[in-house]
Amino acid sequence: MASIVLDALGLKCPQPILQIAIKAKELQPGDMLEILADCPSFPVDIKAWCERTGRTLLFCATEGDGKHKAQVQF
Amino acid sequence: MGKVAFICNGCENENIYPAFVLASAAVASGDDVTIFFTPPAVPALKPGYLESMTGKGMPDMCDLLEGVMALGGRMMLCELGLEAFEVTAEDLRDDIDIGGATSFMASIQDAKTTFSF
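All figures in this text were calculated on a predicted structure; none of them were measured in a lab.

The rules we used
Residues numbered from 1 in each chain as written. Chains lettered and ligands numbered in written order. Predicted model: local features only at pLDDT ≥ 70, side-chain atom pairs only at ≥ 80, totals over all residues. Axes fitted to C-alpha atoms, helices over the stretch in contact; angles between N-to-C directions. Helix = DSSP H or I, 4+ residues; strand = E, 2+ residues; numbered from the N terminus. Left-handed = near helix turned anticlockwise from the far one by under 90°. Contact = placed C-beta atoms within 7 Å. Nonpolar A, V, L, I, M, F, W, Y, C, P; charged D, E, K, R; others polar. Pairing = 2+ DSSP bridges. Buried ≥ 20, exposed ≤ 12 C-beta atoms within 10 Å, placed from the backbone. Right-handed = clockwise from strand over helix to strand, strands pointing away. pLDDT = per-residue confidence, 0-100. Parallel < 35°, antiparallel > 145°, perpendicular 65-115°, else oblique. Core = buried A, V, L, I, M, F, W, Y, C linked by C-beta atoms within 7 Å.

Quick look at the packing of helix α1 (residues 15-24) of chain A against helix α2 (residues 61-70) of chain B now. Between α1 of chain A and α2 of chain B, the least distance of the axes is 10 Å, while the angle of their chain directions is 35 degrees. Considering only the axes of α1 of chain A and α2 of chain B, their crossing is left-handed. In contact with Q15, L18 and I22 of chain A of α1 of chain A, α2 of chain B contributes D63, G67 and A70 of chain B. By residue class, the composition of the contact of α1 of chain A with α2 of chain B is three nonpolar, two polar and one charged.

Following this line, the structure appears as structure tokens:
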């Protein structure tokens with residue numbers, strides 16, 4: 001199982017989700033993806049994306065300065 | 001997942017950006033996406049035009065475009081645009097299909113969602 005970090009800081013909606021979907025093509029079931037993002041809609045968008053694509057959102061936390069960190073299990 | 005069709009009716013930011021922002025979100029979520037360009041959008045399909053688009057507060061158009069294409073999105077130009085703008089397929093970007101209304105309608109006949117900008 002791989003654990004990968006995707007830095008999407010500075011990217012605007014919907015770029016973080018787009019980057020995640022591109023990265024998802026090379027991930028295997030069980031892999032863990034940690035995403036850093038600061039676009040305001042990210043917490044809601046990552047939840048919706050995980051629900052729609054059947055991935056597990058382990059957490060999405062706001063770390064101050066508008067930065068969010070999320071972890072998704074593939 | 002669903003099928004989504006976007007129609008772009010011009011080459012201004014208001015025609016292109018919403019289509020690519022929503023198309024990006026759709027392909028990222030596993031939707032089958034087609035962006036169909038009507039004749040007034042022909043200038044936007046000259047090589048490099050889309051890549052050069054910018055807008056205050058807008059995401060990077062190159063990233064959206066690359067993402068849409070990398071995730072299987074399709075761009076199609078109405079063939080009527082060629083004569084209307086006196087261009088040939090060689091004058092336009094090479095990642096676009098040129099087709100007729102009937103094939104476009106056939107390809108999206110089971111689309112659940114359509115947008116026109």
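Back to the text.
The subject of this paragraph is the sheet that holds strand β3 (residues 74-78) of chain B. All names here are of chain B. Pairing in this open sheet of five strands is parallel, and the strands run β4-β3-β2-β1-β5 from one edge to the other. With one partner strand each, in any of the chains shown, β4 (96-99) and β5 (113-116) form the two edges of the open sheet. When strand polarity is set aside, the average angle formed by the axes of neighbouring strands in this sheet is 25 degrees. Sheet strands in contact with helix α1 (residues 13-28) are β1 (3-8), β2 (32-37) and β5, and its direction is about 170 degrees off that of β1.

With that out of the way, let us pick up the pairing of strand β2 (residues 32-37) of chain A. All names here are of chain A. Burial of the side chains of β2 is restricted to one face: L33, I35 and A37 are buried, whereas none of M32, E34 and L36 on the reverse face is. Sheet analysis places strand β1 (residues 3-8) next to β2, joined by six bridges and oriented parallel. Considered in β2, the bridge of A8 is made with A37. Since β1 and β2 lie parallel, the crossover through α1 that links them has a hand, and here it is right-handed. Note that β2 and strand β4 (residues 68-73) share six bridges and pair antiparallel. If you follow A37 over to β4, its bridge partner there is H68.

For chain B, per-residue confidence averages 96 on the pLDDT scale, and 100% of positions sit at 70 or higher. Looking across chain B, the model is least confident in helix α4 (residues 101-107) of chain B, with a mean pLDDT of 91, and most confident in α1 of chain B, with 98.

Once that is clear, we can look at the packing of α1 of chain B against α2 of chain B. Residue and element names in this part refer to chain B. Their axes nearest at 9 Å, the elements α1 and α2 cross at an angle of 40 degrees. In this view, α1 runs oblique relative to α2, as classed from their interaxial angle. The element α1 and its partner α2 pack so that their crossing is left-handed. On the side of α1, the interface is formed by F20, V21, A23, S24 and V27, while α2 contributes M61, L64, L65, G67 and V68. Partitioned by chemical class, the residues of the contact of α1 with α2 number eight nonpolar, two polar and no charged.

This part covers the environment of S29 of chain B. Of note, S29 of chain B is situated in the loop between α1 and β2. Considered as a pair, S29 of chain B and L71 of chain B are 42 residues apart in the sequence and their alpha carbons are 9.7 Å apart. Among all residues touching S29 of chain B, those that are not within four sequence positions of it are W49, R52 and T53 of chain A together with M1 of chain B.

Time to look at the nonpolar core. Within soluble globular proteins, side chains that are nonpolar tend to cluster in buried spots. Residues and elements named next belong to chain B. F6, A23, I35 and F37 are the most contacted members of the largest nonpolar core, which totals 45 residues. When residues in this core are grouped by element, the largest group, nine residues, is from α1. Setting aside residues no more than four positions away along its own chain, A23 makes contact with F6, V33, I35, V68 and G73.

Turning next to the interface of chain B and chain A. The interface is formed by 13 residues belonging to chain B together with twelve residues belonging to chain A. Those elements that place two or more of their residues in the side of chain B that touches chain A are α1 and α2 of chain B. Residues belonging to the side of chain B that touches chain A are distributed by class as follows: seven nonpolar, four polar and two charged.

Attention shifts here to the sheet that holds strand β3 (residues 56-62) of chain A. Residue and element names in this part refer to chain A. Overall, mixed pairing links the four strands, which are arranged β1-β2-β4-β3 in an open sheet. With partners counted over all chains shown, the strands left at the sheet margins are β1 and β3, one partner each. The sheet shows a mean angle of 15 degrees between the axes of neighbouring strands, direction not considered. The strands that α1 touches are β1 and β2; relative to β1, the one it contacts most, it runs at about 150 degrees. Those strands touched by helix α2 (residues 42-53) are β2, β3 and β4, and its axis lies near 180 degrees from that of β3.

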